[in-house]
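# Fold and contact review
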Amino acid sequence: MTPDCLPPETLRTRCPEHQFQFATTAELEPLVEPVGQARAIDALRFSTRVRGPGYHAFACGPAGSGRLSLVSAELEREARGRPVPDDWCYVHNFKLAHAPRALRLPAGRGSALTSAMARLVEDLKSALPAAFGRDENRKRQEDIEAQFQERQQQAIGALSERAAAQGVLLIGTPSGFAFAPMDEQGEAMNPARFQKMPAEDQARIKAIIEGLQNELQALVRQFPLWFKEMRERLTTLNREIAEYVVNHLVDEVRARFPDLPAVVAWLEEIRADIVAHAPAFMLSASPPPGADPMDLEAVFQRYAVNLFVDNGELEAAPVIHSDLPTLGNLLGRIEHRAMMGTLLTDFSLLKAGALHRANGGFLILDARQVLMQPFAWEALKRSLRAREVKLDASEMQFGMLTTVSLEPSPIPLDVKLCLIGEHWLMYLLEANDPEFRDLFKVVADFEDEVVRDDDNQLAYARLCARLARDAGTRPLDRAAVCALIEHSARLAEDAERLTTAVHALDDLIREADYCAEAAGRTTIGADALREAIVRKRHRSDRIRARMLEEVLRGNRIIATDGHAIGQINGLSVVRMDSFSFGQPSRITATTRLGDGRVIDIEREIELGGALHSKGVLILSNLLASRYAAGVPLSMSASLVFEQSYGMVDGDSASLAELCALLSSLSGVPIQQRYAVTGSVNQLGEVQAIGGVNDKIEGFFEVCQARGLGAGHGVVIPHANVKHLMLRQDVVEACRAGSFHVYAVKTVDEALELLTSVDAGTRNGDGQFPAHSVNGLAEARLIEFSVQRRDFARGSGNSDDDES
């Protein structure tokens with residue numbers, strides 16, 4: 001039975017304006033919840049609220065579906081009901097200088113500690129020099145030094161008196177002390193006179209001097225001990241003065257944090273360290289010539305606070321999105337400063353990463369971006385497993401830096417992570433990373449399309465209101481909303497579905513606003529929206545136009561009239577990123593006596609994909625089971641896409657290929673005014689294919705350019721009727737009767753339409769009508785079988801004769 005052409009109403013499912021009660025989207029309440037994503041939202045909420053390790057989420061869906069905005073909005077709603085997390089500070093570790101200590105403080109108090117410590121250092125810089133400069137403290141220092149001098153002078157004086165009593169004079173020299181014989185006037189005796197003295201007197205005086213020399217040496221050995229004692233007394237005095245000042249100022253800071261034991265313990269360490277380094281504060285007031293200010297600042301830096309994570313200005317738990325998830329941006333980094341040819345660092349150069357900032361809240365990452373960054377994925381998993389963030393010098397870890405670095409204490413991690421990516425990426429991670437499923441136990445699966453019903457169409461109108469408001473464009477009128485809904489169904493390639501590609505709709509509204517502005521309109525109308533669609537297509541269709549031009553100039557041979565045996569117009573889709581278009585291709589088939597093999601030339605030269613090869617194998621088995629069930633299939637056939645120079649894949653051409661083969665077998669020509677798309681199974685049923693709208697429009701454009709009116713049309717699977725959302729010009733051509741779309745369920749229906757000859761069904765005797773397409777094809781196959789049998793017998797007799 002020959003199928004009738006589809007009525008124009010089925011070619012594009014309209015969105016009636018009367019179902020909406022608004023004039024423009026300005027009257028609507030903007031949509032907050034996304035359209036048709038209840039499953040994904042439920043999964044996200046479960047992930048954020050369930051307790052236990054590994055319940056992080058992977059939000060998977062096609063790009064442009066609004067995954068990021070939806071995840072961000074949902075996590076921000078969840079964060080509003082959660083407390084603000086604590087601040088984190090890094091401070092100097094007085095016991096292990098290379099391992100800075102992490103301090104945890106309630107939100108906002110980290111900034112208070114930072115300011116208090118900065119103020120403390122400034123107060124000490126003025127208070128300590130002032131305390132040491134007081135008259136009473138200076139006098140006490142001078143008294144201690146004077147006592148030392150006096151003690152030393154008294155000891156030397158007593159030794160000098162003892163020496164004088166024995167006729168020996170103690171003389172002070174630039175190099176120390178010396179003894180000499182004394183004359184009657186109490187002066188040092190002339191050496192010449194000493195030489196004239198009797199030998200006995202000289203020996204006696206020498207013995208006295210030797211004894212005094214021993215006493216002097218013993219006394220000199222006491223001087224360092226006395227000096228040490230003096231220094232200890234001065235140190236004790238300085239400590240007393242410093243403690244008097246430091247205790248008062250440190251106690252003021254400590255009084256502000258009595259409920260934080262870790263801070264109090266650190267302040268006690270600071271108290272002792274400041275007292276020990278009090279001279280540095282003295283030098284800061286009046287540095288001596290040649291002193292390096294950096295040395296002093298290094299001392300003061302020990303008492304500073306690195307406000308690592310400041311949550312003081314937050315009102316709820318943080319929601320962080322890191323769009324460049326490098327290792328340093330995720331886990332933080334240790335920076336260095338160059339000084340005199342070397343790299344130095346300290347705790348003040350520790351910088352927080354996204355995990356630190358999201359701690360106590362939520363973190364959103366693009367899975368593909370994380371995997372592209374060196375070492376980021378493994379470091380992220382390590383932190384999630386350990387539930388802590390360890391700040392490592394990655395340069396040292398991988399041998400890129402050999403300078404001294406730090407080992408900061410790790411920070412406990414309490415974060416819920418949501419990775420965003422496509423389905424294929426999640427499947428790859430599941431298959432190749434055994435830790436992935438343990439860490440990401442929740443899948444938030446985003447729909448790429450939703451059912452097109454009244455509720456969702458109204459939701460789309462509210463979505464348009466939100467997109468227009470957020471973009472700052474003109475509101476859409478009712479007709480424009482209907483046109484946008486129809487375009488959404490076209491993007492979904494299904495008249496009964498709507499796409500969830502929010503970004504594509506947002507772009508279209510912005511471009512339609514541009515057209516409305518150029519036309520001087522105050523609202524976006526259907527004409528502006530359609531103009532935006534046409535303009536967008538025109539910007540992208542250079543290659544489509546060139547390929548159409550090649551057909552019209554005769555460089556690519558496509559027949560749109562006449563009849564031909566074994567030749568048919570197939571249809572394919574060319575996809576280039578976000579733009580796709582259909583194009584016709586000539587498919588030819590030849591048949592001859594052979595061994596039952598159908599040669600797919602595309603496969604033989606490795607230009608045919610696996611799915612296309614599958615389609616060819618299916619149709620070859622269909623031929624054998626339908627026409628040669630009782631005899632050997634003695635046909636060889638070849639199929640080829642003429643003038644095809646690229647990869648061919650998919651089974652949507654198998655219906656066209658089968659019709660071409662049957663035409664070649666039966667000798668019945670095919671009308672070239674038709675193009676065919678559809679796949680077939682082994683039972684001869686025609687199955688749905690993709691890209692049906694592009695394919696129809698591709699053949700329509702060729703026929704339109706050559707002149708419509710010869711009954712041009714396209715044959716599609718009946719299962720694809722619900723997918724039709726054709727362009728308005730195609731619908732109008734069908735309404736005018738100059739173009740047609742036919743829907744078929746079986747191969748036989750397609751054959752009758754294409755050949756205008758009865759396909760034929762088996763009668764009670766199991767025979768096809770003799771002049772039907774099936775009858776002629778079967779007769780030809782039986783003829784091939786007889787010829788093959790006779791050829792085999794003839795070859796056998798010849799061999800016998802020779803023997």
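This write-up is about the structure you can find in this document.

About the cut-offs
- By convention here, each chain's residues receive numbers from 1 onward along its written sequence.
- It should be noted that, the model being predicted, local features are given only for residues of pLDDT at least 70 and side-chain atom pairs only at 80 or more, the latter also being counted only at that level, while totals for whole chains, interfaces and linings use all residues.
- To get the side-chain values, all heavy atoms of the structure are used, and hydrogens and water are removed first.
- Strand pairing is defined by DSSP finding a minimum of two bridges between the two strands.
- Only DSSP runs of H or I with at least four residues qualify as helices, and only runs of E with at least two residues qualify as strands; both kinds are numbered from the N terminus onward.
- All axes here are fitted lines through C-alpha atoms, helices being fitted over the stretch that makes contact, and every angle between N-to-C directions spans 0 to 180 degrees.
- Definitions used for this entry: grid spacing 1 Å over protein atoms alone; cavity, a set of points where a 1.4 Å probe fits but cannot get out; pocket, an open set with protein on both sides within 12 Å along at least 5 of 7 lines; lining residue, one with an atom within 4 Å of a point.
- Grid points are joined across faces, edges and corners, and a volume is the space filled by probe spheres set on the points.
- In this count, Pro and Cys sit with the nonpolar residues alongside Ala, Val, Leu, Ile, Met, Phe, Trp and Tyr, while Asp, Glu, Lys and Arg are called charged and the others, Gly among them, polar.
- Here the term buried applies to any residue with accessible area under 20% of the maximum for its type, exposed to any over 50%, and partly exposed to those in between, with areas from a 1.4 Å probe on protein chains only.
- Any angle that falls under 35 degrees is termed roughly parallel, while one over 145 is termed roughly antiparallel, one within 65 to 115 roughly perpendicular, and all others oblique.
- The handedness criterion is simple: a crossing whose near helix is rotated anticlockwise from the far helix by less than a right angle is left-handed, and one whose near helix is rotated clockwise is right-handed.
- Throughout, a residue-residue contact means that at least one pair of heavy atoms, one from each residue, lies within 4.5 Å.
- A helix is expected to span 1.5 Å for every residue after the first.
- By the counting scheme adopted, Arg and Lys are positive, Glu and Asp are negative, and His together with the chain ends is not counted.
- The rule for a salt bridge is simple: a side-chain nitrogen of Lys or Arg has to be within 4 Å of a carboxyl oxygen of Asp or Glu.
- The nonpolar core is taken to be a set of buried Ala, Val, Leu, Ile, Met, Phe, Trp, Tyr and Cys residues, with the residues joined through side-chain atoms within 4.5 Å.

Taken together, the three strands give an open sheet; going across it, the order is β3-β2-β6, and neighbouring strands pair in antiparallel fashion. The open sheet has two edge strands, β3 (101-105) and β6 (306-309), and neither has a second partner. Here the average twist between neighbouring strands, direction ignored, is 35°. Pairing of strand β2 (residues 87-91) with β6 involves three bridges; the strand directions are antiparallel. Bridge pairing in β6 links Cys89 to Leu307.

Throughout the structure, instances matching the rule amount to two cavities of 30 Å³ or more. The wall of the largest cavity is formed by Arg544, Met547, Leu548, Val551, Arg556, Phe581, Gly582, Gln583, Pro584, Gly698, Glu701 and Val702. Of all elements in the fold, only α21 (542-552), β21 (579-593) and α25 (692-706) reach the threshold of two or more residues within the lining of the largest cavity. For the lining of the largest cavity, a count of residues per class yields six nonpolar, three polar and three charged. In terms of lining residues, the second largest cavity is bounded by Leu44, Ser47, Thr48, Ala57, Leu75, Phe362, Lys416, Leu417 and Cys418. Among the secondary structure elements, those contributing two or more residues to the lining of the second largest cavity are α1 (38-49) and β15 (416-421). For the lining of the second largest cavity, a count of residues per class yields six nonpolar, two polar and one charged.

Bringing unusual backbone geometry into the picture now. Phi at Arg387 takes a positive value of approximately 60°, unusual for a residue other than glycine. Of note, the phi angle at Ser756 is positive, near 60°, even though the residue is not glycine. Of the residues examined, Ser756 reaches a relative accessible area of 56% and is grouped as exposed.

A word on the sheet that holds strand β1 (residues 57-60). Strand order in the open sheet formed by five strands is β7-β12-β15-β1-β16, and the pairing between neighbours is parallel. Edge positions in the sheet fall to β7 (319-322) and β16 (442-445), since each of these pairs with one other strand and no more. Across the sheet, the mean angle separating the axes of adjacent strands is 20° when strand polarity is ignored. Here strand β12 (residues 362-366) pairs with β15 via five bridges, running parallel.

Attention now moves to the packing of helix α24 (residues 654-666) against helix α27 (residues 747-755). Where α24 contacts α27, the two axes come as close as 10 Å, and the packing angle between them is 60°. Taken together, the axis directions place α24 and α27 in an arrangement best described as oblique. Both α24 and α27 take part in a crossing whose hand is right-handed. Of α27, the residues touching α24 (which contributes Leu655, Leu658, Cys659 and Leu662) are Val747, Ala750, Leu751 and Leu754. Taken together, the residues of the contact of α24 with α27 break down into eight nonpolar, no polar and no charged.

All right, on to helix α2 (residues 67-80) then. Think of an α-helix as turning once every 3.6 residues; residues three or four places apart then point the same way. A rise of 1.5 Å per residue sets the reference length of α2, with its 14 residues, at 20 Å; its end C-alpha atoms lie 20 Å apart and thus fit the reference within 8%. Considered for burial, the residues of α2 that qualify are Arg67, Leu70, Val71, Ser72, Glu74, Leu75, Glu78 and Ala79. The secondary structure elements touched by the buried residues of α2 are α1, β1, β7, β12 and β15.

Secondary-structure assignment places Arg556 in the loop between α21 and β19 (563-564). One buried charge, Arg556, has no salt-bridge partner; the nearest side chain with opposite charge is Glu550, at 7.2 Å. In contact with Arg556, other than residues within four places in its own chain, are Met547, Glu550, Val551, Gln583, Pro584, Ser585 and Gln643.

Attention now goes to the nonpolar core. If you look at the biggest cluster of nonpolar residues, it comprises 58 residues, and the most contacted ones within it are Leu113, Met117, Leu124, Leu128, Phe179 and Trp266. The greatest single-element share of this core, amounting to 18 residues, is contributed by helix α6 (residues 199-254). Once residues within four sequence positions are removed from consideration, Phe179 is found in contact with Leu159, Ala163, Val168, Leu169, Leu170, Ile209, Leu212, Gln213 and Leu216. Ranked by size, the runner-up nonpolar core spans 45 residues in total, among them Cys659, Ala660, Tyr742 and Val747.

Keep in mind these numbers describe shape, not what the thing actually does.
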